[in-house]
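# Coordinate analysis (summary)
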Amino acid sequence: MYDEFDSGVTFGFEELADHLLEQGLQSSPSALHGCLCGLLSAGASHQQEYSLDALAGAMDLVVHGELAERVMQLYTVTAAALQDETFDFHLLLPDDDTDMAVRVEALADWCKSFLAGFAHAGVGGDGTPPVLSADSSEILEDIAAIAQAGLEEQDDEEDAERSFMELVEYLRFATLNLYLENTEGAGEQTPNPASLH
């Protein structure tokens, strides 16, 4: 579940998956969330309506009705999570009891869509890409590498779970780093993805 801090709005993976299916869309909730995170991390507008136009531009994903409302809510919730001083931001992924292969695929989808969103929001009005710090460039390269992730058949179940959780935690802090760097007033709040435990 993905929770908003004060309004009690929650987002279930399956609920969003059902909405996407109802509209005949092939995208997953993880891909949807990844794109929204990429947009915000590139310094995009926090206006709810922007998220719908940007999804259409970045992923050719046009949503309407109740799903559009939920996407705009998720965009607002995600922006709030990225701004939270306790860094209480989490990726929208399938539940932990879901088959690992499905979770790995969802994580790869999240990363691919994150990059699409980041690229869409990061291109200036004159069509030029943003100038990124060395750290941000490295993070984007890491996300691109994780987007190619797959489950090795010989992976031990416990090892696979541990590796998966390490990647999720890295992406959590990497996203916060990018967001804080590309948002005014980042200051010294930037968490360090290298200091994972």
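Criteria and cut-off values
- Counting restarts for each chain, with residues numbered from 1 along the sequence as it is written.
- Confidence filtering applies because this is a predicted model: local features only for residues at pLDDT of at least 70, side-chain atom pairs given and counted only at 80 or more, and all residues used for totals across whole chains, interfaces and linings.
- Only hydrogens and water are removed before side-chain values are computed, so all heavy atoms of the structure are retained for them.
- Salt bridge, as applied in this entry: a Lys or Arg side-chain nitrogen positioned within 4 Å of an Asp or Glu carboxyl oxygen.
- In DSSP terms, a helix is any run of H or I states spanning at least four residues, a strand is any run of E spanning at least two, and both are numbered starting from the N terminus.
- Whether a residue is buried, partly exposed or exposed follows from its accessible area with a 1.4 Å probe, protein chains only, as a fraction of its type maximum: under 20%, in between, or over 50%, in that order.
- Two cysteine sulfur atoms make up a disulfide if the distance between them is within 2.5 Å.
- Put simply, buried Ala, Val, Leu, Ile, Met, Phe, Trp, Tyr and Cys residues joined by side-chain atoms within 4.5 Å make one nonpolar core.
- Working rule for contacts: check all heavy atoms of both residues, and any pair within 4.5 Å makes them a contact.
- To define axes, lines are fitted to C-alpha atoms, for helices over the stretch in contact only, and angles between the resulting N-to-C directions are given on a 0 to 180 degree scale.
- An angle below 35 degrees is read as roughly parallel, one above 145 as roughly antiparallel, one from 65 to 115 as roughly perpendicular, and any other as oblique.
- Two helices crossing with the near one rotated counterclockwise from the far one by less than a right angle form a left-handed crossing, whereas a clockwise rotation gives a right-handed crossing.
- Here the term charged refers only to Asp, Glu, Lys and Arg, the term nonpolar to Ala, Val, Leu, Ile, Met, Phe, Trp, Tyr, Cys and Pro, and the term polar to all other amino acids, Gly among them.
- A helix is expected to span 1.5 Å for every residue after the first.
- Here a polar contact is recorded for every N or O atom pair within 3.5 Å, except that within protein the pair must consist of a potential hydrogen donor and a potential acceptor, and residues adjacent in sequence are included only if both atoms are side-chain atoms.
- On a scale of 0 to 100, pLDDT captures the predictor's confidence in every residue.

## What to know about the pattern of salt bridges
Per the counting criterion, the structure on display carries 5 salt bridges. As a salt-bridge pair, Glu161 and Arg103 come within 3.0 Å of each other at their nearest N and O atoms. Here Glu161, found in helix H7 (residues 157–182), pairs with Arg103, found in helix H5 (residues 100–122); they are 58 residues apart in sequence, far enough to count as distant. Judged by relative accessible area, Arg103 falls into the buried class, the value being 2%. In the salt-bridge network here, residues are joined through shared partners; they are Asp96, Arg103 and Glu161.

## Overview of the state of the cysteines
Applying the stated criterion to the full structure yields 0 disulfides. The structure places no disulfide on Cys35, whose sulfur is separated from the nearest cysteine sulfur, that of Cys37, by 9.3 Å.

## Quick look at the environment of Tyr170
Mapped onto the elements of the fold, Tyr170 is located in helix H7. Distance in space between the C-alpha atoms of Tyr170 and Asp142 is 9.6 Å, their sequence separation being 28 residues.

## Quick word on the nonpolar core
One finds Leu39, Phe89, Leu107, Trp110, Phe114 and Leu171 to be the most contacted residues of the largest nonpolar core, which totals 56 residues. Taken together, the elements giving at least two residues each to this core come down to helix H1 (13–22), helix H2 (29–41), helix H3 (48–59), helix H4 (65–83), H5, helix H6 (134–146) and H7. Top contributing element to this core by residue count: H7, with 11 residues. Setting aside its immediate chain neighbours within four residues, Leu171 contacts Leu91, Leu107, Trp110, Cys111, Ile143 and Ile146.

## Digging into the packing of H5 against H7
Contact geometry of H5 with H7 gives a least axis separation of 11 Å together with a crossing angle of 15°. By the angle between their axes, H5 is roughly parallel relative to H7. When the axes of H5 and H7 are compared, the crossing they make is left-handed. Residues Met100, Arg103, Val104, Leu107, Trp110, Cys111, Phe114 and Phe118 of H5 form the contact with H7, whose participating residues are Ala160, Glu161, Phe164, Met165, Leu167, Val168, Leu171, Thr175, Leu178 and Asn182. Considered class by class, the residues forming the contact of H5 with H7 number 14 nonpolar, 2 polar and 2 charged.

## Observations concerning H5
Taking 1.5 Å per residue as the helical rise, H5 with its 23 residues ought to reach 33 Å, and the 32 Å between its terminal C-alpha atoms agrees with that figure. Its side-chain oxygen at 3.1 Å from the backbone nitrogen of Ala101, Asp99 defines the N-terminal cap of H5.

## Some points on the environment of Phe89
Among the secondary structure elements, Phe89 is positioned in the loop between H4 and H5. According to the relative accessible area criterion, Phe89 is buried, its value standing at 0%. Considering only alpha carbons, one finds Phe89 and Leu176, 87 residues apart in sequence, at a separation of 7.9 Å.

## Some points on the environment of Glu181
Looking at where Glu181 falls in the secondary structure, it is placed in helix H7. Side-chain polar atoms of Glu181 contact the side chain of Ser136, separated by 2.8 Å.

## Thoughts on the confidence of the model for the protein
Across the protein, the average pLDDT comes to 84, with 81% of residues at 70 or higher. Averaged pLDDT values over the elements of the protein bottom out at 46 in strand E1 (residues 2–3) and peak at 96 in H2. Low pLDDT, under 50, characterises residues 1–7; the stretch is placed with 24 contacts to residues that sit more than four places away or in other chains. Note that residues 185–197 has pLDDT below 50 and, in this model, 21 contacts with residues that lie over four places away or in other chains.

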